[in-house]
Amino acid sequence: MSAEGRERLDAAARRFRAMAPPVDDWSLRLVDDSAETLSVRRGVVEPVRLSRDSGLMITVIEGRGVGYGATTDLSAAGLQMATERARAWARRSADLQLVDPIRLPRVTAHGTYRSPLEKPWHSLTAGVKLERLLDLALRMKIHDAIVDWSAGLAYHDRETLLVSASGAEIRQRHHVLMPWLRAVANRGSETQIRSFGPDLGGQGGLERLDLLELDQQPERIAGEALALLDAPECPTGTTDLLLMPGQMTLQIHESIGHPLELDRILGDERNYAGTSFVTADMFGTYRYGSELLNVTFDPGVPGELASYAYDDAGTRAERDWLIRDGILLRGLGGATSQARSGLPGVACARASSWNRPPIDRMANLNLEPGDSSLEELVGRIERGVLMDTNRSWSIDDSRNKFQFGCEMGWRIEDGERRGLVRNPGYRGISAGFWRSLAGVGNAASFRVMGVGTCGKGEPNQMIAVGHASPPCLFRDVAVFGGGGS
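Reference entry: report on the structure contained in this document.

What counts as what
Every chain's residues receive numbers from 1 upward, in the order its sequence appears when written. The predicted origin of the model limits local features to residues at a pLDDT of at least 70 and limits the giving and counting of side-chain atom pairs to 80 or more, whereas totals for whole chains, interfaces and linings rest on all residues. Excluding hydrogens and water, the side-chain figures rest on all heavy atoms present in the structure. What makes a salt bridge here is a side-chain nitrogen of Lys or Arg within 4 Å of a carboxyl oxygen of Asp or Glu, nothing more. Strands are runs of DSSP state E lasting at least two residues, helices are runs of H or I lasting at least four, and both sets are numbered from the N terminus onward. A 1.4 Å probe rolled over the protein chains alone gives each residue an accessible area, and that area as a share of the maximum for its type sets the label: buried under 20%, exposed over 50%, partly exposed in between. In this scheme Phe, Tyr and Trp rings, the latter by its six-membered ring, pair at centre separations within 6.5 Å, and the angle between planes marks the pair as stacked below 30 degrees, edge-to-face above 60, and tilted otherwise. Charge-over-ring placement is defined geometrically: NZ (Lys) or CZ (Arg) within 6 Å of the ring centre, and within 35 degrees of the ring normal. The contact rule is simple, with two residues in contact once any of their heavy atoms fall within 4.5 Å. One less than the residue count of a helix, multiplied by 1.5 Å, gives the span that helix is expected to have. As used here, the arc belongs to the directions running from the helix axis to the C-beta atoms. When DSSP locates at least two bridges between a pair of strands, those strands are taken to pair. Definition of a polar contact: a pair of N or O atoms within 3.5 Å, with one able to donate and the other able to accept a hydrogen when the atoms are protein atoms, and with sequence-neighbouring residues admitted only if both atoms are side-chain atoms.

Attention shifts here to the pattern of salt bridges. Under the definition given, this model contains 32 salt bridges. For Glu407, the salt bridge identified is with Arg194, shortest N-O distance 2.6 Å. Taken together, the positions of Glu407 in strand β18 (residues 401-413) and Arg194 in strand β8 (residues 190-196) put the pair 213 residues apart, joining distant regions of the chain. Both residues of the pair, Glu407 and Arg194, count as buried. Between Glu233 and Arg422 there is a salt bridge, and its shortest N-O distance comes to 3.1 Å. One end of the pair, Glu233, is in the loop between α5 (218-230) and β10 (237-243); the other, Arg422, is in the loop between β19 (416-421) and β20 (424-429), and 189 residues separate them in sequence. Overlapping salt bridges, with partners in common, bring together Arg6, Asp10, Glu159 and Arg171 in one network.

A separate point is the packing of aromatic side chains. The geometry of two aromatic rings is summed up by the distance between their centres and the angle between their planes. As enumerated under the stated definition, the model contains twelve aromatic pairs in all. Ring geometry for Phe402 and Phe404: centres 4.9 Å apart, planes at 15 degrees, overall stacked. Using a relative accessible area of 1% as the deciding quantity, one classes Phe404 as buried. Aromatic pair Tyr426 and Phe433: ring centres 6.1 Å apart, planes at 25 degrees, arrangement stacked. A relative accessible area of 0% means that Tyr426 is categorised as buried. The buried category is assigned to Phe433, whose relative accessible area is 5%. An aromatic cluster is present here, built from Phe402, Phe404, Tyr426, Phe433, Trp434 and Phe474 joined pairwise through their rings. Above the plane of the ring of Trp121 lies Lys129, whose end atom (NZ or CZ) is 3.5 Å from the centre.

Turning to the environment of Pro101, a few remarks are in order. Relative to the elements of secondary structure, Pro101 occurs in the loop between α2 (76-92) and β5 (110-114). Residue Pro101 is classed as buried on the basis of its relative accessible area of 1%. Taking the C-alpha atoms as reference points, Pro101 and Asn400, separated by 299 residues in sequence, lie 33 Å from one another. Once you skip the residues sitting within four places of it in the chain, Pro101 turns out to touch Ile61, Gly63, Arg64, Gly65, Val66 and Arg106.

Moving on: helix α3 (residues 126-138). Across its 13 residues, α3 extends 18 Å between first and last C-alpha, which sits within 8% of the 18 Å expected from 1.5 Å per residue. Turning to α3, its buried residues are Lys129, Leu130, Leu133, Leu136 and Ala137. Summarising the axial view, the buried residues of α3 lie within an arc of 120 degrees, below the 170-degree limit, and thus occupy one face. Every exposed residue of α3 that faces more than 90 degrees away from the buried side is listed here: Glu131 and Leu138.

Look at α2: 24 Å from first C-alpha to last across 17 residues, which is about the 24 Å you get at 1.5 Å a residue. The inward-facing, buried residues of α2 abut α1 (3-18), β3 (49-62) and β4 (65-71).

Right, let's get into the pairing of β8. Burial of β8 is extensive: five of the seven residues sit out of reach of the surface. Looking at chain direction, strand β7 (residues 169-187) and β8 are connected through seven bridges and run antiparallel. Bridge pairing in β8 places Leu181 opposite Phe196. If you look at the hairpin formed by β7 and β8, you'll find two residues sitting between the two strands, and Gly188 has a positive phi there, around 65 degrees.

Okay, the side chain of Ser54 next. With respect to the secondary-structure elements, Ser54 resides in strand β3. Of the residues examined, Ser54 reaches a relative accessible area of 14% and is grouped as buried. Among the polar contacts made by the side chain of Ser54, one reaches the side chain of Arg8 at a distance of 2.9 Å. For Ser54, the side chain forms a polar contact with the side chain of Asp32, separated by 3.2 Å. Other than its neighbours up to four places away in sequence, Ser54 contacts Arg8, Leu9, Val31, Asp32, Thr72 and Trp354.

Turning our attention to the side chain of Asn390. Along the chain, the position of Asn390 falls in strand β17 (residues 383-395). When its relative accessible area of 18% is taken as the criterion, Asn390 is described as buried. A polar contact of 3.2 Å, which involves the side chain of Asn390, links it to the side chain of Gln247. A distance of 3.3 Å separates a polar atom in the side chain of Asn390 from the backbone oxygen of Gly405. If near-sequence neighbours (up to four positions away) are discounted, Asn390 is found in contact with Gly246, Gln247, Leu250, Phe404, Gly405, Cys406 and Glu407.

Right, let's talk about the environment of Ser290 for a bit. Tracing the sequence through the fold places Ser290 in the loop between α7 (262-265) and β11 (295-297). Here Ser290 falls in the buried class, since its relative accessible area comes to 12%. Distance in space between the C-alpha atoms of Ser290 and Gly439 is 9.7 Å, their sequence separation being 149 residues. When residues no more than four places from it in sequence are discounted, the contact partners of Ser290 are Asp325, Gly326, Trp434, Arg435 and Leu437. A polar contact of 2.8 Å, which involves the side chain of Ser290, links it to the backbone oxygen of Leu437.

Below, the structure written as structure tokens:
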């Protein structure tokens, strides 16, 4: 974000403070978000995608009502119109609130946050970055059976400024980079895909490409896609399952993250994204998984996708245990859901943009490492399958019954990998699946990853979520290949 853009946000905040309405409380959240996506496919540079989104949201509490007003017009006239709209909604909603606004904490914090950054996105021209992508993609064309090959980079630069009637001033700036490589192999009726990213996206600049060893991946990705063409189908049956971090990301997201959202548990999402098998009386006593399951909400991990110092409601973000030794302790709910339910939560009220109010969202949701190396986990399996990289997912409206497919797998016998298998998948029930957790990888195998496109809310809010995990071993899981019979 340029100095001119930052001054534009600061000027709007000063303007609003001078004309703030006579209400019980107000807050102003300003957002400036710019993005650029570069990609190449089959040796051709695709159109560069550029976007810039800037605006603000005014929240007012007046009597027993809460109202919002949003605008891209940061002039005095624009602010006045948005304020009047917010006050009108506060009056209309005064008798409809699920929680008395007087019970909500006031935003008083002063603080800043900035993503770690060593090599800024604009330190290289678009031409130089595209040349690198062309080289990466070309290196995946190692055989005539590679019929599609692509590489890309997506970058976001987002600054938010939150001020309030109580004197709060919170400024946060996020730099996010998401790389990806993709190779498609085909022979006759058989097609296999191997990818690298974008679940490896994170906060930072171009230095992340070296951190991820991106230049070392093209031949490996393409080679695995080719090898899968000749691999046998994944066997079907009940067996041990070893999930790599690339698949654990999706498993954590769907069967721990979404079920623990307090607004979902309270019923707010049931007509859109569904409810949860978790109920309010489970917190503090429910055995969510085996004693090896330890899950934290940790917005302080450097470089993870959803790291921040304060959520979009102005609550200070701190590391908290959601599940410890398998017992469910707290949910993913911000200040409003906590006041409404009386349940413990975390600082996770997040908004996708200036024109959306903060709602309960995952942030950095991490499965903490154990004490086993990957080799030790493999060695403990007599018969089983190792799976990596999500390809498909399906889960019911209560986030309980699920079926997931992966890009690739390895058959394990007598503690050793015996060869690739293609089209691997597995199914289970969240309430029992996590109790079958029998081994957790150590810190050396722990990998920080994430999901860049988590959708929720009406109107929809698409947002990035961080997940980190080591490999994990599960006993007696239903696995299958091909059509999932």
